[in-house]
Amino acid sequence: MKIAFIGLGNMGAPMARNLIKAGHSLRLVDLNKTVLAELEQLGGSISASAREAAQGAELVITMLPAAVHVRSVWLGEDGVLAGIAKGVPAVDCSTIDPQTARDVAAAAAKQGVAMADAPVSGGTGGAAAGTLTFMVGATPELFATLQPVLAQMGRNIVHCGEVGTGQIAKICNNLLLAISMVGVSEAMALGDALGIDTTVLAGIINSSTGRCWSSEMYNPWPGIVETAPASRGYAGGFGAELMLKDLGLATEAARQAHQPVVLGAVAQQLYQAMSQRGEGGKDFSAIINSYRKPQ
Ligand code: NAD
């Protein structure tokens with residue numbers, strides 16, 4: 001299949017690599033010439049603009065940093081909608097606000113293009129391994145069309161509902177993840193300060209009612225989970241800056257819906273302070289340092 005793939009960063013490049021490996025013919029667009037050259041070596045072809053990549057493509061995929069990039073790449077003069085043919089399926093995998101996802105899909109629909117939002121979870125490791133989860137907002141027909149291609153980049157392809165619902169699922173999950181990581185950090189640091197062995201405490205939590213993914217699989221206390229970023233100086237993993245972005249999307253969506261997100265707002269401020277301390281590049285579980293004496 002001829003696929004236009006726009007946005008080849010930490011996530012997009014490994015996703016595009018998996019599509020090339022699966023035998024698709026990729027038309028590539030990014031601002032970074034190095035990544036374009038590398039993917040060209042693997043068999044992709046470079047396009048000068050999103051418009052050019054979309055012309056003659058049988059599917060268009062984008063994986064961009066934020067809503068502002070999604071708007072310009074889709075709606076701009078040299079954007080996807082200026083080149084894409086009527087009836088060609090389209091999907092944006094970036095994490096953005098649900099309203100922008102709906103707005104861009106509405107503009108696409110005006111010219112006979114069905115568009116989905118399909119943000120992912122699984123991080124760069126999941127993108128490389130082809131094990132991402134895709135949260136898809138689309139009509140049932142478009143979901144059926146996209147499913148086999150998304151399955152070449154991911155393991156769980158979930159239909160969340162109409163366009164925009166993929167983004168809703170993503171921001172609600174990450175809101176909860178941010179809060180649960182703060183909660184686990186608070187409990188682990190309190191236990192340590194009061195004098196219990198943190199391995200014993202983690203064992204109790206993980207066989208009791210406080211158990212959650214943040215305590216069990218990704219415990220923020222160093223040495224509890226050998227594979228977690230906490231055990232390697234909080235390197236790699238899911239950067240606090242990206243979590244802060246997702247919390248911003250969640251709190252803004254909540255504002256628009258007149259919905260309170262009290263704990264989410266507190267978590268957002270804690271991650272904001274972490275970013276201000278210059279720790280935004282660390283894994284988000286380093287939020288525990290907000291509760292520990294400097295090491
Ligand atoms: P990134 O910044 O590494 O990559 C974005 C790419 O888009 C860059 O290569 C950039 O050059 C390109 N780009 C920007 N503007 C462009 C334009 N106008 N035309 C063409 N290319 C353009 O970001 P990423 O880590 O790959 O994340 C992409 C999206 O996935 C984000 O929305 C992010 O929130 C989401 N996400 C990231 C992760 C993660 O662990 N990195 C996990 C889940 C979801």
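Residues numbered from 1 in each chain as written. Predicted model: local features only at pLDDT ≥ 70, side-chain atom pairs only at ≥ 80, totals over all residues. Heavy atoms only, no water.

Student: Lay out the overall build of the chain with the relevant residues and their values.
Tutor: Counting its secondary structure elements, the chain contains twelve helices and nine strands. C-alpha extents for the chain along the principal axes are approximately 65 × 45 × 35 Å. When each of the 295 residues of the chain is scored for burial, the buried share is 48%. A sequence separation of at least 24 residues applies to 62% of the contacts in the chain between residues at least 6 apart. Carbon and sulfur atoms provide 57% of the accessible area of the chain, an area that totals close to 13,500 Å². In the chain, which carries 20 positive and 23 negative side-chain charges, the distance between the mean positions of the two groups comes to 1 Å. (Helix = DSSP H or I, 4+ residues; strand = E, 2+ residues; numbered from the N terminus. Buried < 20%, exposed > 50% of the residue type's maximum accessible area, 1.4 Å probe, protein only. Contact = heavy atoms within 4.5 Å. Areas by Shrake-Rupley, 256 points an atom, 1.4 Å probe, with all protein chains shown as cover. Lys, Arg positive; Asp, Glu negative; His and termini not counted. Charge placed at Lys NZ, Arg CZ, Asp CG, Glu CD.)

Student: Pulling in residues and values, what's your account of the side chain of Asp283?
Tutor: Note that Asp283 resides in the segment after helix 12 (262–276). One buried charged residue, Asp283, forms no salt bridge at all, with the nearest opposite charge on Arg232 at 6.4 Å. A polar contact is formed between the side chain of Asp283 and the side chain of Tyr218, at a distance of 2.7 Å. Among the polar contacts made by the side chain of Asp283, one reaches the side chain of Ser285 at a distance of 2.6 Å. The contacts of Asp283, once residues within four sequence positions are left out, are Tyr218, Pro229, Tyr234, Gly236, Gly237, Phe238, Gly239, Ala240 and Met274. (Salt bridge = Lys/Arg side-chain N within 4 Å of Asp/Glu carboxyl O. Polar contact = N/O pair within 3.5 Å; in protein donor to acceptor, adjacent residues only side chain to side chain.)

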